[in-house]
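# Observations on chain architecture
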Amino acid sequence: MRRVLGLVLGMMLLNVFAVPVLGATEVTVSVLIDFGAEWAGEEVVVRGELVGDYGFRGDGWMWTQLNGDAYVSQPIGDGGRPQGGNSGVGIRMPNEMGRGLDPPGGYLRRGPVVKATGVWKWHDPSRQGESYLEVSSLEVIEEGYEMDEGVDWGVIVVGAGLILLCPILWPRRRHEVSESE
Amino acid sequence: MLIRPHVEDVRLIGAVMGRIFLVMATATVLPLVWAALAGDWHPFGSFLLTIGVFGLLGVVGLRVGTEHPQVNWSHGMVVVALTWLVVPMISAIPFVLSGHFGDTLDALFDSVSALTTTGLAVISDLDHLASSLNFWRHLLQFMGGLGIVVAALTVFAGSGGISLYIGEARGERFLPSIISTARFLWAVAIVHFVLVVTGLTVVGWVVLGFEPGRAVFHAINMFLAGFSTGGFAPQSTSIGYYHSAIFEVVAATAMAGGAMSFGLHHSLWQGRPKDALANLETRTLLSSMGITMFLVLVGLVMTEAFTAIPGLTRQGLFQIFSAHTTTGWATISSTELGQWGGFAFVAMGIAMAVGGMGSATAGGVKALRVGLTIKAILNQIKQVLLPERAVITTGYYQGGKMRLTPEVVQSVMTISLLYVGSYLLGAGVGLVYGLPLKDALFESVSAAATIGLSVGVTDPSMPVPLQMVYMVEMWAGRLEFMALFALLGFVYASVRGK
């Protein structure tokens, strides 16, 4: 009986003290944007697509942008519908962590979707008030992929046709007309 | 009595607009080539179509128009107003075909915002946009900032240039002819282009670690948006994307170059910096910047938004500089900007409303008008305080000693009141749609003063009437109202004139 009670008490104590050690809180990019101050200094997990550029800097940090919007699952170039602007935050990670990643998202490219764990830096004094996620671990959930928008030949033909009409319709100068008369 | 315009008037307007459309067709070749080099074949088609439409309209204008148009004042104003209506519509073709806009109105909104150098945007998924289309957005800002008609004036000579020049809200003429003045504007832009693009490319490549091609891409687009004080950016997080104080400083030189009047540039090029500093406009702008920067720092300290001086100064001062030059770049999200209250909000409001210098790419009421208004008010106070028989003469220095005549005061007050009226009208419509007063006023000032900072109101889901009101505000604000009234008068006279 004592053993059982001891076991139960031990498990309760473990729950009380283990939570801060075990778990960063999963939040969305929108939460960090809308409630950034409330998450200042907290360890969080954020899912999203890496977009833009990978900036490998001389100070050992790689910077990029993590987007958590509707276009992560289906960018417009992949048939996605316009659903408003992007929702992204800047992130930085050690250069070594950023090497070997698929290219970041851009035109006709969905970037890698990752689960980034790190500390949310809100108005970081060491970076003159910038806000960003300082990533300590990165897990790639979905690989990036290329998209194909195709070519709209109808638009090209119409455009070329209009351009070709221009020299045909160009007005002849009046003195050229009078000479021919 | 209003005189109905003749067919000859319409032909004359058509002839001038035809030339302008041909210049726009030529300019559109730039993104076409970019699209071809980048392999953006879908946008390539849309640029080809845009060139075709501009080109055809241009040729039609030449065909139906008079061969040697002799443009008078009212013709010039109507040409400017019509150009600034039609060009955004055609320029929106690539946006419509891109799939990044919910409907044609949204595409037109961004086109108007680009050309008026406002910078408010309703584009969806900017971060997956083709680089050629991104370049087109920024190029439109540059063309709009410099002036579509001014761009055309550098190419074709013709009479009536002064009314075209002034109709595009360029008040200063500091060289003998309008053509030489327009060409000087381009010279200033080219010098800034070389310096700023080189600087931003080096920062992007060496400091930020971008690939060289991407560093050039960012540099070119940020110059186009900065010098035009338009405020678009290639990525969705604005200038905050770069997380670099050095990048912000170099980009700020483009903002400063664009917000300075071209007359001031001319004084500096002529080696007369003291002249430039003596100008009422320069002193007013510097005073306003100083006051608003102080207020924003006080406001941010009181709200404890930033805890350290470097953060306070970098974020606060950059935002004020961005607002005062009417660029609209943001280092913080629109959500966070909307949370700035107290003195910080007041400072931003003043900076946005005052704007930059006249005869520059900047918007707002303009520093010279604010300075003249203050002088006129002080003049009135003196008249009250001094004996009745006292003679009060008020002069000011603006490129030389000038007299503050009643006509000058009337002109200044009229335009200033029109701006304030526009700010309030847009705010009123925002209130009708349930926006809080602070947000409604902020967004309306941002549109009419062509700033582009947003507290989140401008969005694809915004009500259509509000969207249209902002578009009219941007258009009227960019042209400083006079060309708009000239067009309305022309249309009215066409219908009701004798």
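This structure is a prediction, so every number in the text was calculated from the model and none was measured. (Residues numbered from 1 in each chain as written. Chains lettered and ligands numbered in written order. Predicted model: local features only at pLDDT ≥ 70, side-chain atom pairs only at ≥ 80, totals over all residues. Heavy atoms only, no water.)

### Section: helix α16 (residues 309-324) of chain B
Residue and element names in this part refer to chain B. Its 16 residues place the ends of α16 21 Å apart at the C-alpha level, agreeing with the 22 Å of an ideal helix rising 1.5 Å per residue. Counting buried residues in α16 gives 12 out of 16 residues, a clear majority hidden from the surface. Taken together, the buried positions of α16 are occupied by Gly311, Leu312, Arg314, Gln315, Gly316, Phe318, Gln319, Ile320, Phe321, Ser322, Ala323 and His324. Positioned one or two residues after α16, Thr326 has a phi angle of 60°, which is positive. (Helix = DSSP H or I, 4+ residues; strand = E, 2+ residues; numbered from the N terminus. Expected span 1.5 Å × (residues − 1). Buried < 20%, exposed > 50% of the residue type's maximum accessible area, 1.4 Å probe, protein only.)

### A closer look at the interface of chain B and chain A
With 61 residues of chain B at the contact, the number on the chain A side is 54 residues. Buried area between chain B and chain A, summed over both chains or domains, comes out near 4,400 Å², and the portion from carbon and sulfur atoms is 59%. Contact with chain A buries surface across chain B, with His42(B), His128(B) and His243(B) losing the most and accounting together for 17% of the total. Linking chain B to chain A there are two salt bridges. The interface formed by chain B and chain A holds 26 residue pairs in polar contact (both at pLDDT 80 or more) in total. Listing elements by their share of the side of chain B that touches chain A, those giving two or more residues are α1 (7-27), α3 (41-64), α5 (93-98), α11 (212-227), α16 and α17 (334-338) of chain B. The dominant element in the side of chain B that touches chain A, judged by the number of residues it contributes, is α3(B), at 16 residues. (Contact = heavy atoms within 4.5 Å. Buried area = accessible area lost by both parts, 1.4 Å probe. Salt bridge = Lys/Arg side-chain N within 4 Å of Asp/Glu carboxyl O. Polar contact = N/O pair within 3.5 Å; in protein donor to acceptor, adjacent residues only side chain to side chain.)

### Observations regarding the confidence of the model for chain B
Note: predicted coordinates in regions of low pLDDT should not be interpreted at a detailed level. All names here are of chain B. The predicted model of chain B has a mean per-residue pLDDT of 90, with 93% of residues at 70 or higher. Per-element confidence in chain B ranges from a low mean pLDDT of 65 for helix α9 (residues 161-167) to a high of 98 for α11. The complex model carries a pTM of 0.91, and its ipTM stands at 0.90. (pLDDT = per-residue confidence, 0-100.)

### A few points about the pairing of strand β2 (residues 43-56) of chain A
Along any regular strand, the residues point their side chains to alternate faces of the sheet. All names here are of chain A. Of all the 14 residues making up β2, 11 are buried; the element is thus mostly covered by neighbouring parts of the structure. Relative to β2, strand β1 (residues 25-27) runs parallel, the two being bridged by three bridges. Bridging from a neighbouring strand, Val27 pairs with Val46 of β2. The pairing of β2 with strand β6 (residues 113-124) spans seven bridges and is antiparallel. Across the sheet, the residue bridging to Glu43 is Val119, located in β6. Pairing geometry for β2 and strand β3 (residues 61-67), over five bridges, is antiparallel. Across the sheet, residue Val51 finds its bridge partner in β3, namely Gln65. From the end of β2 to the start of β3, which pair antiparallel, there are four residues, and Gly60 there has a positive phi angle of about 95°. (Pairing = 2+ DSSP bridges.)

### Remarks on a nonpolar patch on the surface
All names here are of chain B. On the surface, Ile374, Ile377, Leu378, Ile381, Val384, Leu385 and Leu386 cluster together to form a nonpolar patch covering roughly 690 Å² of accessible area. Residue position: Val384 is located in helix α19 (residues 367-385). Residue Val384 is classed as exposed on the basis of its relative accessible area, which comes to 68%. (Patch = residues over 30% accessible without salt bridge, like charges linked within 9 Å, V, L, I, M, F, W, Y side chains within 5 Å. Areas by Shrake-Rupley, 256 points an atom, 1.4 Å probe, with all protein chains shown as cover.)

### Quick notes on the packing of helix α21 (residues 437-448) of chain B against helix α22 (residues 464-479) of chain B
All names here are of chain B. The contact between α21 and α22 brings their axes to 7 Å, and the two run at 40°. As judged from the angle between their axes, α21 and α22 are oblique. Counting all contacts with α21, which are made through Ala440, Glu443, Ser444, Ala447 and Ala448, the residues of α22 involved are Tyr470, Glu473, Met474 and Gly477. Grouping the amino acids of the contact of α21 with α22 by side-chain chemistry returns five nonpolar, two polar and two charged. (Axes fitted to C-alpha atoms, helices over the stretch in contact; angles between N-to-C directions. Parallel < 35°, antiparallel > 145°, perpendicular 65-115°, else oblique. Nonpolar A, V, L, I, M, F, W, Y, C, P; charged D, E, K, R; others polar.)

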